[in-house]
Number of protein chains: 2
Amino acid sequence: MATIRDVAKRAGVSPITVSRVINNFDYVSEENRRRVHEAIAELGYVPNTVARSLRSKRTNTLALVLTDVSNPFFTTVARGVEDTASKAGYTVILCNTDESEAEQQKYLDVLIQKQVDGILLVPATSSPESVRFIQKHATPLVILDRRVVGAEADTVLGDSEGGAHELVKLLIELGHQRIACLSGPRGVSTAEDRVAGYRRALTEAGIRVEAKRISYGPFSRRTGYEMTQRAMAVQPRPTALFAGHNFMAIGAMQALREMEMRVPEDVAVVCFDDLPLDFLTVPFFTMAAQPAYEMGKKATELLLARLVDEGPHEPQEIVLPTEIVIRRSSGDPLVNHNVKASVAVEP
Amino acid sequence: MATIRDVAKRAGVSPITVSRVINNFDYVSEENRRRVHEAIAELGYVPNTVARSLRSKRTNTLALVLTDVSNPFFTTVARGVEDTASKAGYTVILCNTDESEAEQQKYLDVLIQKQVDGILLVPATSSPESVRFIQKHATPLVILDRRVVGAEADTVLGDSEGGAHELVKLLIELGHQRIACLSGPRGVSTAEDRVAGYRRALTEAGIRVEAKRISYGPFSRRTGYEMTQRAMAVQPRPTALFAGHNFMAIGAMQALREMEMRVPEDVAVVCFDDLPLDFLTVPFFTMAAQPAYEMGKKATELLLARLVDEGPHEPQEIVLPTEIVIRRSSGDPLVNHNVKASVAVEP
DNA sequence: CGTTATCATGGTAACGGTATCATGATACCG
DNA sequence: CGGTATCATGATACCGTTACCATGATAACG
């Protein structure tokens, strides 16, 4: 492969002048600029970013560390991140932690070694060690989707508490009193915030919060399935389910189907996070939609801003609103309901 | 940040010895190994991969260039790629081309400059220029999901022709004679292979292939929507639709709904590629499922094998079978049909 | 005992760019 | 006309690691 020196020799200039042409820098005479471009074309020269990075300390690479791209929510986040980063001249390294703190740390080690310019992190747990690690190595960081307690870092997340509150309030207004809550794991802020919203809605309506109706566990279809079996065995039986995660709602549906319970006739179901394709084919779940693309975009923009002006300033917490979409799974749509119902589809 | 020299000084050895310890190389005395590890811990030393890459010519980075991660099919491919690469000590850069040749070339330029160790490419079009470009720069390549004419490169794809043939044959056996074909763009092998399978099924059944029933266009929901409007206007009206892409099928559903046509009562619909969540909630489309995860995995394994033994050998073409899953959208399930029907769900 | 294999360590020179500083030519100014 | 701003170019050193080669100590061997 040709190097910058080969190009320089061929164009009859110094390597530095070639560097200047490549980077559109400084002052280079038209004559020399032309000759350098010619030489580059003739030699098929391609600059070596690795060498450049070693000297300049910038890799033009970001990392997106999340739990699982297969979740349509994170898929959309990823698309937002990649589009935005790409437009700004950055490439994105993708990492799936599967909610494992150990996996996450392995990835972070590698990313620090690779000298990535910045990290977008959906933390596996809310423990602040990983965040401290990143910060110790002075790598810009934006935390995405989840809060980390005791961490001083930029964070972008959806309004979990508010969304959950609205969903459960809706169920209550539909006449439900016994509402089970299928929550994600303790220690993950989105899960805990959603439980908090659930509690507030019940409390505000004067309904007693019963611990036996709330279950915690990993975000997964299997968990939703098992929790639903247990929740439906609690007497008196709940008339509605609030699932704190899209995949858990799917597991719940499966369990209900096996019990020959109809949704929404026998049990109403609401959940968090959209299932984009379900929405397109047979919209079904009433849910709180987080602005996934916007979240990825915003987070990346924030990160990029950090890269340019490194001056220390207040960490920001951007909370984007969730949108309630009413569909069949919750029963009769309430036409004049006070939520921002933008869609009320399907017979 | 501490460098390898700082560690060496502190441990009282030479930098090379430190390098050997880090890379588990060669012969290093237990005594020195211990002291180096101590020094590393005390200094919080982290090796600089950029410098290593510059010298060793290896970046431990792969690139996955695809059209759109938001398509659940590619999401799953990406997950397969990332899992496999990560296990082998590689990180993955993700690139979305949106089916644009220009975007694709932009990404490839960057990736070559970044000296990625290998590229997994879902080509935007079947023109071989991009492939030539990659090969000119001696970067290992595996083409994914689509064939590129005139390109000598490893390729991993699903059996589009066979899958389409089976789907259309199924429609014919259900009694359909007028079947519209909503195809992806000309010049994309998956689209053309599927049209070929469609043609073969009709021909084998003695049904004339009518050009007016076949439409070509970009893989998108909008295209599926518009094509369906036109296809349904052709007299005599088709009784079934074959969509060559999952998103196009969704567009088709939307168009049919607006025309107040019921599926499958008025029009049967089949399509390519699963919609995973639709499958989990209300399985609906009869379709040919490509083994997306396996494809990503296989492709990455192949690529990695290329990285180690660089000896030139025959390009491989691995064709993975598709699986036909019968669901409601095609009408009455055929119990004793000769396809590998693994699932026949939902009342 | 001399020769050779194995173990252990280090010196030197890259890898391919760019940061920094220096130098010279020309234009402009009061 | 001397001094300064702007334009244009280059020499040198260095970013942090490892490839390559050399050297010495010890063990093994005929």
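One numbering rule holds for all chains: residues counted from 1, following each sequence as written. By the order in which they are written, chains take letters starting at A while ligands take numbers starting at 1. For this predicted model, a pLDDT threshold of at least 70 governs which residues receive local features, and a threshold of 80 or more governs which side-chain atom pairs are given and counted, while totals over whole chains, interfaces and linings are taken from all residues.

Engineer: I keep staring at the overall build of chain A and nothing clicks. Help me out?
Structural biologist: Helix and strand counts for chain A come out as 13 helices and 12 strands. Exposed residues have 12 or fewer other C-beta atoms within 10 Å of their own C-beta, buried residues have 20 or more, and residues in between are partly exposed; the C-beta atoms are placed from the backbone. With 347 residues in all, chain A has 51% of them scored as buried. For every residue pair, C-beta atoms are placed from the backbone, and the pair is scored as a contact if these atoms sit within 7 Å. Put simply, 67% of the contacts in chain A that link residues at least 6 apart link residues at least 24 apart. We count a stretch as a helix when DSSP gives it H or I for four or more residues in a row; a strand needs E for two or more, and each element gets its number in order from the N terminus.

Engineer: Which parts of the structure should I look at to understand the packing of helix α1 (residues 4–11) of chain A against helix α2 (residues 15–22) of chain A?
Structural biologist: Helix-helix packing is described using two parameters, namely the angle between the two axes and the distance between the axes. Residue and element names in this part refer to chain A. Every axis corresponds to a line fitted to the C-alpha atoms, with the helix fit spanning only the stretch in contact, and the corresponding angles, defined between N-to-C directions, vary from 0 to 180 degrees. Contact geometry for α1 and α2: axes closest at 8 Å, N-to-C directions at 105°. On the basis of their axis angle, the class for α1 and α2 is roughly perpendicular. When α1 is examined against α2, the residues Ile 4, Arg 5, Val 7, Ala 8 and Ala 11 are found in contact with a partner set consisting of Pro 15, Thr 17, Val 18 and Ser 19. Residues are grouped as follows: Ala, Val, Leu, Ile, Met, Phe, Trp, Tyr, Cys and Pro are nonpolar; Asp, Glu, Lys and Arg are charged; every other residue, Gly included, is polar. Taken together, the residues that form the contact of α1 with α2 break down as six nonpolar, two polar and one charged. Throughout, the term roughly parallel applies to angles under 35 degrees, roughly antiparallel to angles over 145, roughly perpendicular to angles from 65 to 115, and oblique to all others.

Engineer: Help me understand the protein's contact with DNA strand C, please; the structure alone is not making it clear to me.
Structural biologist: Near DNA strand C there are 26 residues, and of these Ile4(A), Ser19(A), Ala51(A), Ser14(B) and Tyr27(B) occur at the shortest range. Here the surface near DNA strand C takes five residues from helix α4 (residues 49–56) of chain A, the largest share from any one element. Here the residues of the surface near DNA strand C are counted per class, giving 13 nonpolar, nine polar and four charged. Think of it this way: take the backbone, place a C-beta atom on it, and check whether that atom is within 6 Å of the molecule or strand, in which case the residue is near it.

Engineer: Quick question: what am I supposed to make of the interface of chain A and chain B here?
Structural biologist: Tallying the contact residues gives 37 residues for chain A and 37 residues for chain B. When contributions to the side of chain A that touches chain B are tallied by element, the ones reaching two or more residues are α4, α5 (72–87), β2 (91–96), α6 (101–113), α11 (246–258) and α12 (276–281) of chain A. Counting residues per element, the side of chain A that touches chain B draws most heavily on α5(A), which supplies six residues. Partitioned by chemical class, the residues of the side of chain A that touches chain B number 20 nonpolar, 13 polar and four charged.

Engineer: Sorry, what's going on with the environment of Asp154(A) here?
Structural biologist: Position of Asp154(A) relative to the elements: it lies in strand β5 (residues 154–158). Along the primary structure Asp154(A) and Val142(A) are separated by 12 residues, whereas in three dimensions their C-alpha atoms are 5.0 Å apart.

Engineer: Sorry if this is basic, but what is going on with the protein's contact with DNA strand D here?
Structural biologist: By nearness alone, 27 residues border DNA strand D, and Tyr27(A), Thr3(B), Ile4(B), Ser19(B) and Ala51(B) come closest of all. Going through the elements one at a time, α2 and α4 of chain A together with α1 (4–11), α2 (15–22) and α4 (49–56) of chain B are the ones with two or more residues in the surface near DNA strand D. Broken down by element, the residue count for the surface near DNA strand D peaks at five residues, all from α4(B). Here the surface near DNA strand D is built from residues that sort into 13 nonpolar, nine polar and five charged.

Engineer: Hey, could you run me through the nonpolar core in this one?
Structural biologist: Nonpolar side chains in soluble globular proteins generally cluster together in the buried interior. The biggest cluster of nonpolar side chains holds 72 residues, and the ones touching the most others in it are Leu64(A) and Leu64(B). Beyond its immediate chain neighbours, meaning those up to four positions away, Leu64(B) contacts Ala78(B), Val81(B), Val92(B), Leu94(B), Cys95(B) and Leu120(B). For our purposes the nonpolar core covers buried Ala, Val, Leu, Ile, Met, Phe, Trp, Tyr and Cys residues that link as a set through C-beta atoms within 7 Å.

Engineer: Please clarify how the relation of the copies chain A and chain B should be interpreted in this entry.
Structural biologist: Each of the two chain copies goes to the other by way of a rotation about an axis and a shift along it. Mapping chain A onto chain B calls for a screw motion: a turn of 180° about the axis and a shift of 0.1 Å along it, with 0.2 Å RMSD after fitting. The superposition operator between the copies reduces to a two-fold rotation axis. Of the C-alpha atoms belonging to chain A, the one lying closest to the rotation axis is found on Ile93(A), 2.2 Å away. Interface residue correspondence from chain A to chain B reaches 100%, placing this contact among same-surface, isologous pairings. What sets the superposition is a least-squares fit of C-alpha atoms, and only residues with pLDDT of at least 70 in both copies go into it.

Engineer: I would appreciate a short explanation of the environment of Gln113(B) in the present structure.
Structural biologist: Relative to the elements of secondary structure, Gln113(B) occurs in helix α6 (residues 101–113). The spatial distance from the C-alpha of Gln113(B) to the C-alpha of His137(B) is 9.9 Å, given a sequence separation of 24 residues. Contacts of Gln113(B), omitting those with residues within four sequence positions, involve Val46(A), Pro47(A), Asn48(A) and Thr49(A).

Engineer: Even after reading the chapter, I still don't get the packing of α6(B) against helix α7 (residues 129–136) of chain B, so can you show me in this structure?
Structural biologist: Residues and elements named next belong to chain B. At their nearest, the axes of α6 and α7 sit 11 Å apart, and the two run at 5° to each other. One finds that α6 runs roughly parallel with respect to α7. Contacts between α6 and α7 involve Gln 104, Gln 105 and Leu 108 on the former and, on the latter, Ser 130, Phe 133 and Ile 134. Residue composition of the contact of α6 with α7, grouped by class: three nonpolar, three polar and no charged.

Engineer: Honestly, the pairing of strand β9 (residues 268–272) of chain A in this entry has me stumped. Any pointers?
Structural biologist: One face of the sheet, then the other: side chains in a regular strand alternate in exactly this way. Residue and element names in this part refer to chain A. Summarising burial for β9: five of the five residues are buried, a large majority. Going residue by residue along β9, you find Ala 268, Val 270 and Phe 272 tucked away on one face and Val 269 and Cys 271 tucked away on the opposite face as well. Note: two strands are recorded as paired if DSSP finds a minimum of 2 bridges between them. Both strand β8 (residues 240–243) and β9 contribute to a ladder of four bridges, which runs parallel. Its bridge partner being in β9, Leu 241 is matched across the sheet by Val 269. We call a crossover right-handed when, viewed with the strands running away from us, the connection from the first strand over the helix to the second turns clockwise. Considered for its hand, the β-α-β crossover made up of β8, α11 and β9 is right-handed.

Engineer: Explain α2(A) here, please?
Structural biologist: Residues lying three or four places apart along an α-helix face the same way, a consequence of the helix completing one turn every 3.6 residues. Residue and element names in this part refer to chain A. Of the positions making up α2, those classed as buried are Thr 17, Val 18 and Val 21. Down the axis of α2, the smallest arc covering the buried residues is 100°, so these residues share one side. Buried residues belonging to α2 abut α1 and α3 (30–43). Just downstream of α2 lies Asn 24, where phi reads positive at about 50°. For this quantity, the arc is that covered by the directions from the helix axis to the C-beta atoms.

Engineer: Looking at this structure, how should I read helix α7 (residues 129–136) of chain A?
Structural biologist: All names here are of chain A. Buried residues of α7: Ser 130, Val 131 and Ile 134, and no others. On an axial view of α7, the arc spanned by its buried residues comes to 100°, and they lie on one face. For α7, the elements touching its buried residues are α6, β3 (118–121) and β4 (141–144). Of the residues one or two after α7, Ala 138 is the one with positive phi, at around 55°.

Engineer: How do you make sense of unusual backbone geometry when you look at a structure like this?
Structural biologist: Negative phi characterises most residues that are not glycine, and trans characterises most peptide bonds. Following Gln235(A), the chain continues to Pro236(A) via a peptide bond in cis, the omega torsion being -10°. Phi at Asp98(A) is positive, roughly 50°, even though this residue is not glycine. When you line up the elements, Asp98(A) lands in the loop between β2 and α6. The backbone of Lys57(B) shows a phi angle near 70°, a positive value even though the residue is not glycine.

Engineer: What should I look at first to understand the pairing of β8(A) in this one?
Structural biologist: Residue and element names in this part refer to chain A. Covered by surrounding structure in β8 are Ala 240 and Phe 242 together with Leu 241 and Ala 243, the residues of both alternating faces. The sheet contact formed by strand β6 (residues 179–183) and β8 spans four bridges and is parallel. Looking at β8, one finds that Cys 181 is bridged to Phe 242.

Engineer: Looking at this structure, I do not really get the confidence of the model for chain A. What am I missing?
Structural biologist: Interpretation of this model should avoid reading the predicted coordinates in detail wherever pLDDT is low. Residue and element names in this part refer to chain A. For every residue, the pLDDT score states the predictor's confidence, bounded by 0 at the bottom and 100 at the top. Per-residue confidence for chain A averages 82 on the pLDDT scale, and 79% of its residues sit at or above 70. The least confident element of chain A, judged by mean pLDDT, is α12 at 45; the most confident is strand β7 (residues 214–216) at 97. In this model residues 278–284 is a low-confidence stretch, pLDDT under 50, and it forms 24 contacts with partners more than four residues away in sequence or in other chains.

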